[in-house]
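Listed here are the chains, written in short residue letters.
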Amino acid sequence: MRITFLGTGTSNGIPVVTCNCRVCRSQNPKNHRTRTSILIETATTTILVDSSPDLREQALREAISSIDAVLFTHAHADHTHGLDDLRPFCCGKSVYGYGDLNTIEDLRRRFDYVVDYRKWTPGRPRLMPKVVEPGQVLRIGDAEVLPVRIMHGEDPILGFRVEDFAYLTDCKSIPTESYPFLDGIKVVVLGALRYRRHPTHFSVAEAVEEAARIGAEATYLTHMCHDVEHEQLCDELPPAIRPAFDGLVLERHNGRLRQSAGRGSLRSFISE
Ligand SMILES: [Zn+2]
Ligand SMILES: [Zn+2]
Ligand SMILES: [Zn+2]
């Protein structure tokens with residue numbers, strides 16, 4: 001399995017339009033964050049998690065050639081508004097879109113021409129909606145995906161587990177009943193918006209606390225805003241917790257986690 005971080009930024013994207021802070025002006029490409037999304041590739045299946053407004057740029061950068069399904073964590077704009085850019089992946093076919101009932105209903109309202117098959121015409125993206133339940137495994141090609149209930153402030157949303165990897169973005173708390181589904185996780189991705197507390201997202205300190213509770217070998221932070229400078233955060237965190245960055249790739253080889261910088265612009269090898 002291969003995980004590619006397509007985007008690691010909060011809803012504004014970094015740099016923030018009109019902002020002149022040190023992170024927004026940074027020349028370090030790791031401080032340039034498109035909207036949060038990942039790509040999961042197994043031997044025969046490619047799954048996109050969320051269709052961010054930066055999907056087009058992300059797909060070009062990482063040379064994505066096909067998408068079999070999209071998993072939606074929730075329907076906020078920064079996780080869905082790239083839906084129209086699924087068009088090139090829908091040539092003569094539809095792409096399955098999995099989400100909880102709230103998310104699918106929201107998508108039906110806002111993207112009727114994508115989700116309602118009666119409105120499909122040539123050239124339009126086609127998403128075949130599928131409602132999923134937390135705790136019920138879904139099979140997508142050769143991948144088994146377990147949706148996990150997490151809380152985005154007051155809103156129940158979904159995280160996803162595939163094998164020993166879990167992706168939990170836009171999370172403020174994890175309900176007690178969800179922890180058994182995270183048993184045996186080796187790599188976890190947690191949203192960490194900023195240093196200050198926020199009503200609907202983990203802060204960096206809360207994500208570090210949660211990482212200890214989950215107890216994975218490696219934790220990566222995502223969905224970061226411009227308060228967070230990449231190198232500074234690397235220095236502040238314990239070694240088993242790293243900030244992700246756009247283009248970061250995680251692959252497991254012979255049980256070891258290998259981190260590299262993807263097919264995109266940051267090609268140089270980082271660590272093994
Ligand atoms: Zn800024
Ligand atoms: Zn959100
Ligand atoms: Zn978000």
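Fair warning: this is a prediction, and the values are worked out from it, not measured in the lab.

The rules behind these values
- Residues numbered from 1 in each chain as written.
- Chains lettered and ligands numbered in written order.
- Predicted model: local features only at pLDDT ≥ 70, side-chain atom pairs only at ≥ 80, totals over all residues.
- Helix = DSSP H or I, 4+ residues; strand = E, 2+ residues; numbered from the N terminus.
- Buried ≥ 20, exposed ≤ 12 C-beta atoms within 10 Å, placed from the backbone.
- Contact = placed C-beta atoms within 7 Å.
- Pairing = 2+ DSSP bridges.
- Axes fitted to C-alpha atoms, helices over the stretch in contact; angles between N-to-C directions.
- Core = buried A, V, L, I, M, F, W, Y, C linked by C-beta atoms within 7 Å.

Engineer: In this structure, what is going on with the overall build of the chain? I would like to understand it.
Structural biologist: Within the chain one finds 6 helices and 15 strands. Taking the principal axes of its C-alpha atoms as reference, the chain extends roughly 55 × 40 × 40 Å. Buried residues in the chain amount to 45% of all 272 residues. For the chain, long-range pairs separated by at least 24 residues make up 58% of all intrachain contacts whose partners lie at least 6 apart in sequence.

Engineer: Sorry if this is basic, but what is going on with the environment of Leu 55 here?
Structural biologist: As for its placement among the helices and strands, Leu 55 is situated in helix α1 (residues 55-61). For the pair formed by Leu 55 and Lys 130, sequence separation is 75 residues and the distance between their alpha carbons is 21 Å.

Engineer: It is not clear to me how unusual backbone geometry should be interpreted in this structure. Could you clarify?
Structural biologist: Phi is mostly negative for residues that are not glycine, and the peptide bonds are mostly trans. For the bond from Ile 14 to Pro 15, the omega torsion is 5°, close enough to zero to count as cis. Here Pro 15 lies in the loop between β1 (2-7) and β2 (37-41). Backbone geometry places Thr 18, a non-glycine residue, at a positive phi of 80°. Along the chain, Thr 18 turns up in the loop between β1 and β2. The class for Thr 18 is exposed, based on 7 C-beta atoms found within 10 Å. Although it is not a glycine, Ala 63 adopts a positive phi angle of roughly 50°. Here Ala 63 is to be found in the loop between α1 and β4 (69-71). For Ala 63, a count of 9 C-beta atoms within 10 Å gives the class exposed.

Engineer: Where do I start with the sheet that holds strand β3 (residues 46-49) in this structure?
Structural biologist: Whenever strands of a sheet pair, they do so through backbone hydrogen bonds, lying parallel or antiparallel. Read across the sheet, 8 strands follow the order β6-β5-β4-β3-β2-β1-β14-β15 without closing on themselves; strand pairing throughout is mixed. Edge strands, defined here as strands with exactly one partner in the open sheet, are β6 (127-131) and β15 (256-260). Averaged over neighbouring strand pairs, the angle between their axes works out to 20° when direction is ignored. Judged from the 3 bridges that link them, β4 and strand β5 (residues 95-99) form a sheet pairing that is parallel. Pairing of Ala 69 across the sheet is with Tyr 96, part of β5. In this fold helix α3 (residues 101-110) packs onto β5 and β6, with an angle of close to 150° to the strand it touches most, β6.

Engineer: Would you mind going over the sheet that holds strand β9 (residues 155-162) with me for this structure?
Structural biologist: A sheet is described by the order of its strands in space; here 7 strands give the open sequence β7-β8-β9-β10-β11-β12-β13, paired in mixed fashion. Either end of the sheet is taken by a strand with one partner, and the two such strands are β7 (138-140) and β13 (241-243). Pairs of neighbouring strands in the sheet enclose a mean axial angle of 25°, with direction left out of account. Two elements, strand β12 (residues 218-222) and β13, share 3 bridges in a ladder whose sense is parallel.

Engineer: Got a minute to help me understand the pairing of β1 in this structure?
Structural biologist: Each regular strand displays side chains that alternate between the two surfaces of the sheet. The element β1 is extensively covered by neighbouring structure, given that 5 of its 6 residues are classed as buried. Bridging between β1 and strand β14 (residues 249-253) involves 3 bridges; their strand directions are antiparallel. By the bridge assignment for β14, Ile 3 is matched with Leu 250. As paired strands, β1 and β2 are joined by 5 bridges and run antiparallel to one another.

Engineer: Please explain the nonpolar core as it appears in this structure.
Structural biologist: Across soluble globular proteins, you tend to see nonpolar side chains buried next to one another. With 65 residues, the main nonpolar core has Leu 71 and Leu 190 as its most contacted residues. Once residues lying within four places of it in the same chain are set aside, the contact partners of Leu 190 are Leu 168, Cys 171, Phe 202, Ala 207, Glu 210, Ala 211, Thr 219 and Leu 221.

Engineer: Honestly, the environment of Thr 10 in this entry has me stumped. Any pointers?
Structural biologist: Tracing the backbone through its elements, the reader meets Thr 10 in the loop between β1 and β2. For the pair Thr 10 and His 226, spaced 216 residues apart in the sequence, the C-alpha separation amounts to 8.5 Å. The residues contacting Thr 10, other than those within four sequence positions of it, are Leu 193, His 223, Met 224 and Cys 225.

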